Amino acid sequence: MQEASLPGFVRTLLWILAFYYIFKFLARLFFPILVKKAVERAEEQFKQHYQNQTHSTDFNSNATPKSDKLRETKKVGEYIDYEEIE
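Residues numbered from 1 in each chain as written. Predicted model: local features only at pLDDT ≥ 70, side-chain atom pairs only at ≥ 80, totals over all residues. Heavy atoms only, no water.

Below, the discussion takes up the overall build of the chain. Each helix and strand counted, the chain has two helices and zero strands in total. When the accessible surface of the chain is totalled, it reaches about 9,600 Å², and 61% of it is carbon and sulfur. (Helix = DSSP H or I, 4+ residues; strand = E, 2+ residues; numbered from the N terminus. Areas by Shrake-Rupley, 256 points an atom, 1.4 Å probe, with all protein chains shown as cover.)

As structure tokens, this is what we get:
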């Protein structure tokens, strides 16, 4: 059975710290680039979605007049007028 030695523990601790700082350094370099790519991809998807929405609403607006949509009202319930009693 092997016993833990102080030099082996220190060497392992130094490797862990080295990997931590290397990862931290690389993350600072590449994280902004990755975020920029993700934002560009999302922006492109939003543009495509917007174009699909406007394209589909153009066909729907030609089929049904907008004045009919404006005349429709929602009936929620009865109006009740309350009086304050003192």
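Before going further, it helps to examine the pattern of salt bridges. Enumeration according to the criterion identifies one salt bridge in this entry. Between Glu43 and Lys47 there is a salt bridge, with its nearest N and O atoms 3.8 Å apart. With Glu43 and Lys47 both in helix α1 (residues 6-63) and four residues apart, this pair spans about one turn of that helix. In this structure Lys47 comes out as partly exposed when scored by relative accessible area, which is 46%. (Salt bridge = Lys/Arg side-chain N within 4 Å of Asp/Glu carboxyl O. Buried < 20%, exposed > 50% of the residue type's maximum accessible area, 1.4 Å probe, protein only.)

In total, this model carries two aromatic pairs according to the counting rule given. On the basis of an interplanar angle of 70° and a centroid distance of 5.1 Å, the ring pair of Tyr20 and Tyr21 is categorised as edge-to-face. (Phe/Tyr/Trp six-rings, centres within 6.5 Å; stacked < 30°, edge-to-face > 60°.)

Together, Leu6, Phe9, Val10, Leu13, Leu14, Leu17, Tyr20 and Tyr21 give the surface a local cluster of nonpolar side chains, amounting to about 850 Å² of exposed area. On the secondary structure map, Leu17 appears in helix α1. Taking relative accessible area as the criterion, Leu17 reaches 40% and is therefore assigned partly exposed. (Patch = residues over 30% accessible without salt bridge, like charges linked within 9 Å, V, L, I, M, F, W, Y side chains within 5 Å.)

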